[in-house]
Amino acid sequence: MVKIDLGACGSFVKETEYQNYVAKALKAFDTLIAEDGAGNDFLGWKTLPIDIDENLICKIEQVRDEWKAKGVELVIVIGIGGSYLGARCAIEALSHSFVRPQGTPQVVFAGNNLSEDYIAELLDLAKIRNTACVVISKSGTTTEPAVAFRIFKEYIEQTYGKAEASSRIVAVTDAHKGALKTLSTQEGYRTFVVPDNVGGRFSVLTPVGLLPIALAGFDIRAMLKGAAEQRVELLKKSETNAAVQYAAIRNLLHMDYNKAVEILVTYSPKLVYLAEWWKQLYGESEGKDGKGIFPASVTNTADLHSMGQFIQEGSRVMFETVIKVENAQREVKIGTDEQNLDCLNYLAGQRVEHCNAMAQLGVKVAHIDGGVPQIDLSIEKIDEYNLGAIFYFFEFACGVSAYVLGVNPFNQPGVEAYKKNMFALLRKPGYEAQTEEILKRI
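What counts, and where the lines are drawn
- Residues numbered from 1 in each chain as written.
- Predicted model: local features only at pLDDT ≥ 70, side-chain atom pairs only at ≥ 80, totals over all residues.
- Heavy atoms only, no water.
- Pairing = 2+ DSSP bridges.
- Helix = DSSP H or I, 4+ residues; strand = E, 2+ residues; numbered from the N terminus.
- Axes fitted to C-alpha atoms, helices over the stretch in contact; angles between N-to-C directions.
- Contact = heavy atoms within 4.5 Å.
- Buried < 20%, exposed > 50% of the residue type's maximum accessible area, 1.4 Å probe, protein only.
- Right-handed = clockwise from strand over helix to strand, strands pointing away.
- Arc of directions from axis to C-beta.

Student: Which parts of the structure should I look at to understand the sheet that holds strand β5 (residues 169–173)?
Tutor: Strand pairs in the sheet, formed through backbone hydrogen bonds, run parallel or antiparallel to each other. Pairing within the open sheet is parallel, and its five strands lie in the order β3-β2-β4-β5-β6. Two strands bound the open sheet, and with one partner strand each, they are β3 (106–110) and β6 (190–193). The average angle at which neighbouring strand axes cross in this sheet is 20°, direction not considered. Of the pairings in the sheet, the one linking β5 to β6 comprises four bridges and is parallel in character. The partner of Ala 171 across the bridge, within β6, is Thr 191. Packed onto the sheet, helix α8 (residues 179–187) meets β4 (131–136), β5 and β6 and runs at close to 145° relative to β5.

Student: Looking at this structure, how should I read the pairing of β3?
Tutor: Counting buried positions over the five residues of β3 gives four, a clear majority of the element. Relative to β3, strand β2 (residues 74–78) is paired through five bridges, and the arrangement is parallel. Looking at the pairing, Ile 76 lines up with Val 108 of β3. Since β2 and β3 lie parallel, the crossover through helix α4 (residues 85–94) that links them has a hand, and here it is right-handed.

Student: So what exactly am I meant to see when it comes to the side chain of Gln 230 here?
Tutor: Counting through the fold element by element, Gln 230 comes out in helix α10 (residues 220–234). Gln 230 gets classed as buried once you look at its relative accessible area, which sits at 2%. Those residues in contact with Gln 230 that lie beyond four places of it in its chain are Met 1, Val 2, Ala 389, Tyr 392 and Phe 393.

Student: Got a minute to help me understand the pairing of β2 in this structure?
Tutor: Walk down a regular strand and you will see the side chains alternate between the two sheet faces. The buried count for β2 comes to five of five residues, which makes it a mostly enclosed element. Residues Leu 74, Ile 76 and Ile 78 of β2 are buried on one face, and the alternating residues Val 75 and Val 77, pointing to the opposite face, are buried as well. Sheet analysis places β2 next to β4, joined by five bridges and oriented parallel. By the bridge assignment, Ile 78 is partnered in β4 with Val 135.

Student: Please explain α8 as it appears in this structure.
Tutor: For the α-helix, the turn length of 3.6 residues means that residues three or four positions removed from each other point alike. Taken together, the buried positions of α8 are Leu 180, Lys 181, Leu 183 and Ser 184. Down the axis, α8 shows its buried residues gathered within 165° of arc, on one side only. Within α8, the exposed residues directed more than 90 degrees away from the buried face are Thr 185 and Gln 186. Those residues of α8 hidden inside the fold are in contact with β4, α6 (143–160), β5 and β6. Within two residues after α8, Gly 188 carries a phi angle of roughly 80°, on the positive side.

Printed below as a string of structure tokens:
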């Protein structure tokens, strides 16, 4: 379960101010629960942890087992934004940092950029690995994943033959319509459905996230259990509800104290992609109508030697939300050195994680002294259960927070702006008339 501690904000805000925002957050909570707010046709994520049935999980595990039997060594997951960030977050967090377990495929990601070098290097890898592909797209026409899929579909068909390729490609797409759904039907690809009432950035607990996570060898049942049990806690209307508290304090700091930037801080490199997933979730949900808190992130202690100076003494426009992991999964102790040239014998016998924890506390005091409020969130350890819990926590809190802010959490009209310009510059049929106008502006 996710725990919250607002003690490090106490010297920055008044209790009466905080209680005022708790009242606003509780009102927003009611709106989310009643499903009568803006974007209420995209609330399917709220019940995902209890709605996903055993049959769907078994179908996901069947793909995993069949590809294992084929000796698949490389799974290319094609998608962009919410179609890959949740899965990548979980896989990066749960995987060994350097070694892939024998018998488990390497899961890599494509379709999230248009870098020719990246695609070429991934093709290099596919040529020396037994390869399969998961393509994730509601429509099948989003440019970045569509380009990648065309290239890797062609490679798989040429390498394994068209008939075999149909068993090595799985599509996660719309249930009834769209280019990818049509192609899947024509080619005989197995398909999983992106629910109509779940937006991409809220889709990690659908097959969008669950299929790649399972293919990487992780326990999606435990992840769903963590999310389901977190959901039970967050459905309780209370001033002590962690999502209500988080929504209240971040909006108070933003609207009454002009804190325009929220920095998500982690102390484990395994959580780098949790921050990337969180940045999309909050940036795309709240950044509209001239409103929103800019989501940024650092991974300490590394970033204390790069971003630390600015956070400590730069413009006071930020607050921090720190993810604390209470228990490391492994244990490494610092030894004694007879020469002690590095002057570290005073740490002999201590665990490395003890040093990490003391660094975290030292940073906390320094940043508070430097004028940076800090919200503390904690999970017990990095595993499937706790990742499921923190996924659901941030999603639920995002809905509450955006309603406090006064925006629709579930649309993203601004995302389309760059696409129209790109289509015109690429001379996509139907956009040619805008090409010359755009060229004059650049």
